[in-house]
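Remarks on the overall topology
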Amino acid sequence: MKNLAPEVHEQLRRRAADEGSTISEYVLELIRRDLRRPPRRSWLDTVAQVPRHEFSRDEVADAVEADRARR
């Protein structure tokens with residue numbers, strides 16, 4: 001790959017070799033994997049729509065412990 005710092009190229013080469021692929025194949029798979037994920041803005045918009053709660057951290061921990069004790 002062109003225009004890469006030698007250390008980055010070497011890291012990519014090693015990772016690709018570990019996966020049994022070429023650098024180009026490895027980088028293309030990274031791009032495909034990234035494109036399957038929703039864009040950050042979309043994800044943040046979705047998270048912003050999740051209802052908020054007023055439980056304290058201790059209340060949540062106590063509820064988890066109580067549930068585990070019931071099992």
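Structure shown above.
The notes below deal with the structure included here. These numbers come from a predicted model, not from an experiment. (Residues numbered from 1 in each chain as written. Predicted model: local features only at pLDDT ≥ 70, side-chain atom pairs only at ≥ 80, totals over all residues. Heavy atoms only, no water.)

1. So, the overall build of the chain
The condition that has to hold: By the criteria applied, helices consist of DSSP H or I runs no shorter than four residues and strands consist of E runs no shorter than two, each listed in order from the N terminus. Just to be clear, the radius of gyration here is over C-alpha atoms, and the globule rule we use is 2.2 Å times residues to the power 0.38. Residue exposure (1.4 Å probe, protein chains only): buried if accessible area is under 20% of the type maximum, exposed if over 50%, otherwise partly exposed. Accessibility throughout is a Shrake-Rupley quantity obtained with a 1.4 Å probe, and a residue counts as covered only by protein chains that appear here.
Helix and strand counts for the chain come out as four helices and zero strands. Each helix and strand of the chain, ordered N terminal to C terminal, gives the series α-α-α-α. In terms of overall dimensions, the chain is more spread out than a globule: its C-alpha atoms have a radius of gyration of 22 Å, far above the 11 Å expected for 71 residues. Counting only C-alpha atoms and orienting by the principal axes, one finds that the chain spans roughly 55 × 30 × 20 Å. For the chain, the residues scored as buried account for 7% of the 71 residues in total. Working note: accessible area of the chain is about 7000 Å², and carbon and sulfur atoms make up 51% of it.

2. Describing the environment of Asp45
Relative to the helices and strands, Asp45 is located in helix H3 (residues 40-48). C-alpha of Asp45 to C-alpha of Asn3: the two residues are 42 residues apart in sequence and 35 Å apart in space.

3. Some remarks on unusual backbone geometry
Across the chain, the bulk of peptide bonds are trans and the bulk of non-glycine residues have phi less than zero. Here the phi dihedral of Asn3 falls at roughly 60 degrees; this positive angle occurs in a residue that is not glycine. Following the sequence through the fold, Asn3 ends up in the segment before helix H1 (6-19). The exposed category is assigned to Asn3, whose relative accessible area is 82%.

4. Digging into the pattern of salt bridges
Using the following cut-off: By convention in these notes, a salt bridge is any Lys or Arg side-chain nitrogen within 4 Å of a carboxyl oxygen on Asp or Glu.
Tallied over the entire structure, the rule returns six salt bridges. Among the salt bridges present, the one from Asp45 reaches Arg41, with a minimum N-O distance of 3.3 Å. Taken together, the residues Asp45 and Arg41, both in helix H3 and four residues apart, mark about one turn of the helix. Since its relative accessible area comes to 37%, Asp45 is described here as partly exposed. Via salt bridges that share partners, Glu10, Arg13 and Arg14 belong to a single interconnected network.

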